[in-house]
Amino acid sequence: MGNGESLSACTLDTPVGALTLVMYGDSLCRIAFGNLNETRQDLISRARRMNLPEDVKVDDEACAPAVRQIREYFAGTRRGFNLKLMLKGTDFQKKVWAALARIPYGQTRSYKEIAESAGRPKAVRAVGGANNRNPLPIVIPCHRVIGSDGSLVGYGGGLDCKRKLLQFEEKESSNK
């Protein structure tokens, strides 16, 4: 990737806590729960796996488009994102992430429904694994995936965060 692009990061306070956004050039490549200091080792580890530079510089300007859209989301004025994304994963993970991105705002889908949407109806556990590796929570709305019985299961930001995001979207959906 030696084209001179660099990793830039910033921290954004949100109603579900601090988020660290990471950009590679003008592409959003990672959203991590917690502030930059808390997540620096995780970011360096992920950068290595993605063959990206390991030095992450704080650059609010580079993150500005993503910050603006995430703030609009939490203000209730944005339901989807229009950002350049950099996704590194297996073909199956990318299919799952694409299926997640198609879940309408304010709605949920089960892991089984996502497996079917990704073309692998029996791969429910694998969908859970791909969901867990989603590098862009909120933007790729893995919080909208629930258990077949309607229960909240697994979320990188914790189940309380998942509950808050779902309740927020449900409330915003009923306000429109």
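Only a predicted model underlies this, so the values are computations on that prediction, with no experimental measurement involved. (Residues numbered from 1 in each chain as written. Predicted model: local features only at pLDDT ≥ 70, side-chain atom pairs only at ≥ 80, totals over all residues. Heavy atoms only, no water.)

Colleague: Kindly report on the overall build of the protein chain, identifying the contributing residues and their values.
Modeller: The secondary structure content of the protein chain amounts to six helices and six strands. Counting over 176 residues, the protein chain shows a buried share of 45%. A fraction of 57% describes how many contacts in the protein chain between residues 6 or more apart in sequence connect residues 24 or more apart. Here the protein chain displays about 9,100 Å² of accessible surface, and carbon together with sulfur accounts for 46% of that area. (Helix = DSSP H or I, 4+ residues; strand = E, 2+ residues; numbered from the N terminus. Buried < 20%, exposed > 50% of the residue type's maximum accessible area, 1.4 Å probe, protein only. Contact = heavy atoms within 4.5 Å. Areas by Shrake-Rupley, 256 points an atom, 1.4 Å probe, with all protein chains shown as cover.)

Colleague: Provide a residue-level description of the pattern of salt bridges, including the pertinent values.
Modeller: Under the definition given, this model contains seven salt bridges. Salt-bridge contacts for E72 lead to R68; the nearest nitrogen and oxygen are separated by 3.4 Å. Of the two residues, E72 and R68 are both situated in helix 2 (residues 60-75); the distance of four residues between them amounts to about one turn of the helix. Since its relative accessible area comes to 22%, E72 is described here as partly exposed. The exposure class assigned to R68 is partly exposed, which follows from its relative accessible area of 44%. The closest approach of N and O atoms between D160 and R163, which form a salt bridge, is 3.8 Å. (Salt bridge = Lys/Arg side-chain N within 4 Å of Asp/Glu carboxyl O.)

Colleague: Before we move on, can you summarise the packing of helix 3 (residues 91-101) against helix 5 (residues 124-132) with the specific residues and values?
Modeller: Here helix 3 crosses helix 5 at 80 degrees, and the two axes come no closer than 9 Å. One finds that helix 3 runs roughly perpendicular with respect to helix 5. From helix 3, F92, Q93, V96, W97 and L100 reach across to helix 5, where they touch A126, V127, A130 and N131. Of the residues that constitute the contact of helix 3 with helix 5, the class distribution is seven nonpolar, two polar and no charged. (Axes fitted to C-alpha atoms, helices over the stretch in contact; angles between N-to-C directions. Parallel < 35°, antiparallel > 145°, perpendicular 65-115°, else oblique. Nonpolar A, V, L, I, M, F, W, Y, C, P; charged D, E, K, R; others polar.)

Colleague: How would you sum up the state of the cysteines? Please name residues and give values.
Modeller: A complete count under the given rule lists zero disulfides for this structure. Cysteine C10 remains unbridged, with the sulfur of C63 as its closest cysteine sulfur at 3.2 Å. Under the relative-accessibility criterion, C10 is labelled buried at 2%. (Disulfide = S-S within 2.5 Å.)

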